[in-house]
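Summary of the model geometry
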Amino acid sequence: MQNILITGFTPFDGREVNASWVAASSSNREGINALEIPVVWGKPMRVLQSFCDNQCPQMIISLGEGREGWFDIETIALNTRNERVDNEGKLPAGEPIIPGSPDSISASINAGVLQRGLARHGYPIRISNNAGQFLCEETLFVLEHLRNRYQSLEKVLFCHLPPFGTSVHIRGESRTCDQSVLEDF
């Protein structure tokens, strides 16, 4: 059985719920683990590397909150951080996410195949090349770095979800992005 890790984030920007953690924590199947990443600069590397050091999965699917009405498969990760305050009230240290690494990394996942599959299931899904230079971008950069470092980690993916409680059009129907939508996704 394939070993999969699905990650989501803690709430941020004063929100009470983060759609990414709702979706990640709803996967109660054998071989699937869920991990919540704090919205704190540097935590994606520390948390994900520690997990991989102990029980590296074959696949990591990371989720974050993005734009209302859309699911976005992220395809480019920059090795920079935006001047934005994290949940501890801190700005990034001004250094690259991973010093000595390229300025950007292209996602290794075949985003087109994934997009077409999700679109056939009625999801408003886009391919994005702008992960936002916040913790989501940092996470995608870290994921691709770890995929190159750990031989057992075969696939990584980062997908933005609509924020919890916002409107989304799925299978021809206007819905609220709630627990049932996120569990189904």
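Read on for an overview of the structure. (Residues numbered from 1 in each chain as written. Predicted model: local features only at pLDDT ≥ 70, side-chain atom pairs only at ≥ 80, totals over all residues. Heavy atoms only, no water.)

1. Re the overall build of the protein
Note the cut-off: A run of H or I in DSSP counts as a helix once it spans at least four residues, and a run of E counts as a strand once it spans at least two, with each numbered from the N terminus. Accessible areas in this description were obtained via Shrake-Rupley with a 1.4 Å probe; residue shielding takes into account the shown protein chains only. Neither His nor the chain ends contribute to the count of charged residues, in which Lys and Arg are positive and Asp and Glu negative. By convention, the charge on Lys lies at NZ, on Arg at CZ, on Asp at CG and on Glu at CD.
When helices and strands are tallied, the protein shows 5 helices and 10 strands. Each principal axis of the C-alpha distribution contributes one length, and for the protein these read about 45 × 40 × 25 Å. Here the protein has roughly 9000 Å² of accessible surface; of this, 45% comes from carbon and sulfur atoms. Seen as two clouds, the 16 positive and the 22 negative side-chain charges of the protein have centres 4 Å apart.

2. Description of the packing of aromatic side chains
Selection rule: Paired rings are identified among Phe, Tyr and Trp, the last through its six-membered ring, by centres lying within 6.5 Å, and are further divided according to the angle between planes into stacked (under 30 degrees), edge-to-face (over 60) and tilted (the rest). Cation placement over rings: the criterion is NZ of Lys or CZ of Arg within 6 Å of the ring centroid and within 35° of the ring normal.
Taken as a whole, this structure holds 5 aromatic pairs when the rule is applied. Consider the rings of F71 and F185, whose centres lie 4.4 Å apart with planes at 20 degrees: the pair is stacked. Taken as a pair, F71 in strand β4 (residues 71-74) and F185 in the segment after α5 (179-184) lie far apart in primary sequence, 114 residues in all. Feature note: the residues F12, W41 and F134 constitute an aromatic cluster, connected by ring pairs. Above the face of the F12 ring, R15 is positioned so that its terminal group lies 4.6 Å from the ring centre. Against the face of F134 rests R84, its NZ or CZ located 3.9 Å from the ring centre.

3. Considering helix α4 (residues 135-149)
As a reminder, the rule being used: Expected span of a helix: the number of residues minus one, times 1.5 Å. Whether a residue is buried, partly exposed or exposed follows from its accessible area with a 1.4 Å probe, protein chains only, as a fraction of its type maximum: under 20%, in between, or over 50%, in that order.
For α4, spanning 15 residues, the distance from its first C-alpha to its last is 21 Å, which sits close to the expected 21 Å at 1.5 Å a residue. Buried residues dominate α4, accounting for 11 of its 15 residues.

4. Considering the sheet that holds strand β8 (residues 155-161)
The strands that make up a sheet pair up through hydrogen bonds in the backbone, lying either parallel or antiparallel. Test applied: Here, strands pair whenever DSSP counts at least two bridges between them. Working convention: axes come from line fits to C-alpha atoms, limited for helices to the stretch in contact. Angles between N-to-C directions cover 0 to 180 degrees. The contact rule is simple, with two residues in contact once any of their heavy atoms fall within 4.5 Å.
Within the open sheet, the 6 strands sit side by side as β2-β1-β3-β8-β4-β7. Their pairing is mixed. The open sheet has two free edges, formed respectively by β2 (32-37) and β7 (125-128), since each of these has just one partner strand. Neighbour-to-neighbour, the strand axes of the sheet open up by a mean angle of 25 degrees, direction not taken into account. Bridge count between strand β1 (residues 4-9) and strand β3 (residues 59-65): 4 bridges; the pairing is parallel. Bridge pairing links I6 to I61 in β3. Strand contacts of helix α2 (residues 43-55): β1, β2 and β3, with the helix running at about 155 degrees to β2, the strand carrying the most contacts.

5. Focus: the packing of α2 against α4
As a reminder, the rule being used: Two helices that cross are described as forming a left-handed crossing if the nearer one is turned anticlockwise from the farther one by less than a right angle, and a right-handed crossing if clockwise. Residue polarity is assigned by list, with Asp, Glu, Lys and Arg as charged and Ala, Val, Leu, Ile, Met, Phe, Trp, Tyr, Cys and Pro as nonpolar; anything else, Gly included, falls into the polar class.
Where α2 meets α4, the closest approach of the two axes is 9 Å, and the angle between their N-to-C directions is 30 degrees. At the point where α2 passes α4, the crossing takes the right-handed sense. Here K43, P44, M45, L48, Q49 and C52 of α2 lie close against α4, whose contacting residues are L135, E138, T139, V142, L143, H145, L146 and R149. When its residues are assigned to classes, the contact of α2 with α4 shows 8 nonpolar, 3 polar and 3 charged.

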